[in-house]
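# Residue-level structure breakdown
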Amino acid sequence: MDTTTFDTAKTTVEGQMHGSLRHDSAHKHVTGSAEYIDDIPEPAGLLHGGLGMSDRAHATITSIDLSEVESAPGVVWVMTAKDIPGENDVSSGGRHDEPLLAETKVEFHGQLIFAVFAETRDQARRAARKAKITYEDLPHWSDIDSALENNAPLVVDPMTLKRGEAALEMDVAPRRLTGTMRIGGQEHFYLESHIAMAIPGEDDEVTVWSSTQHPSEIQHIVSHIMQVPSNAVTVQVRRMGGGFGGKETQGNQFAALCAIAAKKLNRAIKIRPDRDEDMSTTGKRHDFRVDYELGFDDEGRIHAVDATYAARCGFSSDLSGPVTDRALFHADSSYFYPHVRLTSKPLKTHTVSNTAFRGFGGPQGMLGAERFIEEIAYAVGKDPLEIRKLNFYGQPESGRTLTPYHQEVEDNIIARIVEELEQSSDYQARRQAIIEFNKTSPIIRKGIALTPVKFGISFTLTAFNQAGALVHIYNDGSIHLNHGGTEMGQGLYTKVAQVIADAFQVDISRVKITATTTGKVPNTSATAASSGTDLNGMAAYDAARQIKERLVQFACEKWNVGPEEVTFLPNRIRIGLEEVAFNDFIKQAYFGRVQLSAAGFYKTPKIHWDRAAGRGKPFYYFAYGAAVSEVSIDTLTGEYMVERADVLHDVGKSLNPAIDIGQIEGAFVQGMGWLTTEELWWDNKGRLRTHAPSTYKIPLASDRPKTFNVKLAEWAENAEPTIGRSKAVGEPPFMLAISVLEALSMAVASVADYKVCPRLDAPATPERVLMAVERLKKV
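Notes on the structure follow. This structure is a prediction, so every number in the text was calculated from the model and none was measured.

### Topic: the packing of aromatic side chains
All chains considered together, the criterion is met by 21 aromatic pairs. When the centroid spacing of 6.1 Å and the interplanar angle of 70° are considered together, the rings of Phe336 and Tyr393 count as edge-to-face. On the criterion of sequence distance, the pair formed by Phe336 in the loop between helix H9 (320-329) and strand S15 (339-348) and Tyr393 in the loop between helix H11 (384-391) and helix H12 (414-424) is long-range, its members being 57 residues apart. Of the two residues, Phe336 and Tyr393, neither departs from the other in class, the shared state being buried. Ring centres 5.9 Å apart and planes at 55° place the aromatic pair Phe554 and Phe585 in the tilted group. Remark: Phe585 occurs in helix H16 (residues 582-591) and Phe554 occurs in helix H15 (residues 532-559); sequence separation between them is 31 residues. Using a relative accessible area of 10% as the deciding quantity, one classes Phe554 as buried. Judged by its relative accessible area of 0%, Phe585 falls in the buried class.

Right, dumping it as structure tokens:
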């Protein structure tokens, strides 16, 4: 083959690692052409599912009459617990405490009791409302305080982290204080609600399309509830319209219902709850009550911390164990506690089981730590930023690097991040100007705060820190990529495709990104814990490495050169003095019978964790960041505006700066929503009353900071050999929004001349801000 005319002028490839490439589906999102499960053409004979939900918070079911449901127009079948082929359980943690359909007792308002399948979705939903169910009410509690008053059981064993002698040091500390902070939950409010579709196959086979972050878990749940092996169940996910953790376990029930009905009726089945049903039947971010005692000195240096983290977990365990564990892992935020004791209380409540949500307990733990800092700052009369810097973890030689769970903080860059942001945002001058403004402004008060982020990256269950990928090169030079990660808008597919394009030095247009499926990559972990790119990127790289090694060996044999003389260049291969187009080289490799396919694998090194002992190295590394937020509040109404936010965030050596900045911006605004406008409220009958956009207030575009400056710490590079030396970006920036709550707190504190900690709980709704203002006016 004549290669002498090959164009060598092109020196770069389109879409390599560390480039700002657009999201692979961005144009489809904008035009509405991105295909979600409800957009898939419906198979002939498809039936739709409707949900029969409890209208009691805690009750014994005394009778069920579904005759009118069964006779309603279009109804084909009504499913109850007795129709489940296998175990009536969709719990994710193996505790067998979450029935798919309630049988004799319901434990939260909205719990599923039956499902109805009809020719149209409207017929199924209307029929479901015709059920006649009678109950005998039982005592119920729906919040943390009432759970504690009723000695509620724990849904999982609690955890304690301990280092030093917190009680003894508390007694000798120069100053001490106690307090309580209440931290609200949060609804995921993804744009695409939960949805599943199942198509029966031959023998025991079924294929399930599910909007899930964890296809392997759906496969496991469906297989055991159907009493078939996992190899009979194939789960497919091309994309989700948002996930945020809410689709890690909560899709189990909808997929299981669809699969059972599909095999029973031998027809395709789809279930898509509407927003009210989705919000009523699926879990949310855990709300917490933090009871704390702090020992410190007159400078504001922490001596001891003793805190208990009680959480509303709902009626079953779900992921409450690891969520409350991670809250404790982040109860130090960025601060060294010389003596510390932290305890979790995962409380059972008669509400829907709470679940994973971006940050996975970390935001609640970190928010409690920032309250500790704020309390100390007001007690000693200093800027909270001074107290933050005084208590930061130090460098290895400082002796201030050991976390409450006995992991050394070896990669600490928080001091540099904070110093750079303090300078670039002109924090000190702005804070002084705000203090002067507040002296002369009787109604509008301003506040400013700079808060840090240190977030541990890895699943705390060591076994989940593994991933697989499958890479094929076809003989025309096109590349097929599949891996275990799921795409929920965060750009994972794009980043992993960049890894492959970079490995082979080809344009990214050559790489076909395919839907996640259990039929190609088995036993995958959830796309969660900010580990999607870390794990799947490395697995894909491993697959590419295997193929490249074979290609290099082939080139050496065919051209009679050494391995050092084979180089992958942009869209071509240099072999000795000759250059061959990538397409042509692959064609020759195919005819040379080179295997052009590989399954890659990766497991995170160095991590280990002993929960019972409260010791180990649960995190591979930490991601860092900081934010400065400035707010203004109306002391007559409690309304407020976020005037400006400045962010400096560490993503290591970014794989895709454009996507990473988008993730930081989105996380910040979502964090603002959690801490300011989003409030979950249950009435005295245990009914969720904030179950729709009319009553649950997510941030709008107009709520974003008026001035919003986001920068990456471009000098940062992961000390660990992650893919491209990058760092995770999914969850850490969510906690940057804590600066907004702290700024609101300063504005409120100005009413009492900054002499009292406002103890502003989250979410700091306008009503709560106004009540805090009125309380401080009386000080």
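Moving on, there is more to tell.
### Quick notes on the packing of helix H14 (residues 492-504) against H15
H15 packs onto H14 with a crossing angle of 25° between their chain directions and a minimal axis gap of 9 Å. Judged by the angle between their axes, H14 and H15 are roughly parallel. Here H14 runs over H15; the crossing is right-handed. Across from Leu492, Lys495, Val496, Val499, Ile500, Ala503 and Phe504 in H14, the residues of H15 making contact are Gly532, Thr533, Asn536, Gly537, Ala540, Tyr541, Ala544, Ile547, Lys548 and Leu551. Here the contact of H14 with H15 is built from residues that sort into 11 nonpolar, 4 polar and 2 charged.

### Regarding the sheet that holds strand S10 (residues 206-210)
With respect to topology, 8 strands assemble into an open sheet ordered S3-S5-S1-S12-S9-S10-S11-S20, the strand pairing being mixed. With partners counted over all chains shown, the strands left at the sheet margins are strand S3 (75-79) and strand S20 (516-517), one partner each. Bridge count between strand S9 (residues 196-200) and S10: 5 bridges; the pairing is antiparallel. Residue Pro200 lies in a different strand from S10, and its bridge partner there is Val206. The strands that helix H3 (residues 121-128) touches are strand S1 (47-53), S3 and strand S5 (112-118); relative to S1, the one it contacts most, it runs at about 20°.

### A short note on the side chain of Glu374
Within the secondary structure, Glu374 sits in helix H10 (residues 362-380). Discounting residues that sit within four places of it in the chain, Glu374 has contacts with Glu742, Ser745, Cys757 and Pro758.

### Digging into the pairing of strand S22 (residues 572-575)
Pairing of strand S21 (residues 566-569) with S22, which is carried by 4 bridges, proceeds in the antiparallel orientation. The residue of S22 that forms the bridge with Thr567 is Arg574. Between S21 and S22, which pair antiparallel one after the other, the connecting turn spans 2 residues, and Asn571 there sits at a positive phi close to 60°. With 4 bridges joining them, S22 and strand S23 (residues 578-581) adopt antiparallel strand pairing.

### Here we look at the layout of surface pockets
Size it by volume and the second largest pocket reaches roughly 650 Å³. What lines the second largest pocket is a set of 29 residues, among which Met53, Ser54, Asp55, His109 and Gly110 lie closest to the centre. Among the elements of the structure, S1, H3, strand S6 (132-137) and helix H8 (275-281) are those that each provide at least two residues to the lining of the second largest pocket. Split into classes, the residues belonging to the lining of the second largest pocket amount to 10 nonpolar, 8 polar and 11 charged.

### Overview of empty space enclosed by the protein
Under the counting rule described, the total for this entry stands at 6 cavities of 30 Å³ or more. The calculated volume of the largest cavity comes to roughly 170 Å³. Surrounding the largest cavity, 17 residues form its lining, Glu98, Phe108, Gln253, Thr281 and Phe315 being those nearest its centre. Here the second largest cavity is characterised by a volume of approximately 90 Å³. Lining the second largest cavity are 13 residues, with Pro384, Ile448, Ala449, Glu742 and Met746 positioned closest to its centre. Elements represented by at least two residues in the lining of the second largest cavity include exactly H10, H11, helix H13 (427-440), strand S16 (444-457) and helix H18 (738-749). A per-class count over the lining of the second largest cavity returns 8 nonpolar, no polar and 5 charged.

Definitions and cut-offs
Residues numbered from 1 in each chain as written. Predicted model: local features only at pLDDT ≥ 70, side-chain atom pairs only at ≥ 80, totals over all residues. Heavy atoms only, no water. Phe/Tyr/Trp six-rings, centres within 6.5 Å; stacked < 30°, edge-to-face > 60°. Helix = DSSP H or I, 4+ residues; strand = E, 2+ residues; numbered from the N terminus. Buried < 20%, exposed > 50% of the residue type's maximum accessible area, 1.4 Å probe, protein only. Axes fitted to C-alpha atoms, helices over the stretch in contact; angles between N-to-C directions. Parallel < 35°, antiparallel > 145°, perpendicular 65-115°, else oblique. Left-handed = near helix turned anticlockwise from the far one by under 90°. Contact = heavy atoms within 4.5 Å. Nonpolar A, V, L, I, M, F, W, Y, C, P; charged D, E, K, R; others polar. Pairing = 2+ DSSP bridges. 1 Å grid on protein atoms, 1.4 Å probe; cavity = no way out; pocket = protein on both sides within 12 Å on 5 of 7 lines; lining within 4 Å. Points joined across faces, edges and corners; volume = space filled by probe spheres on them.

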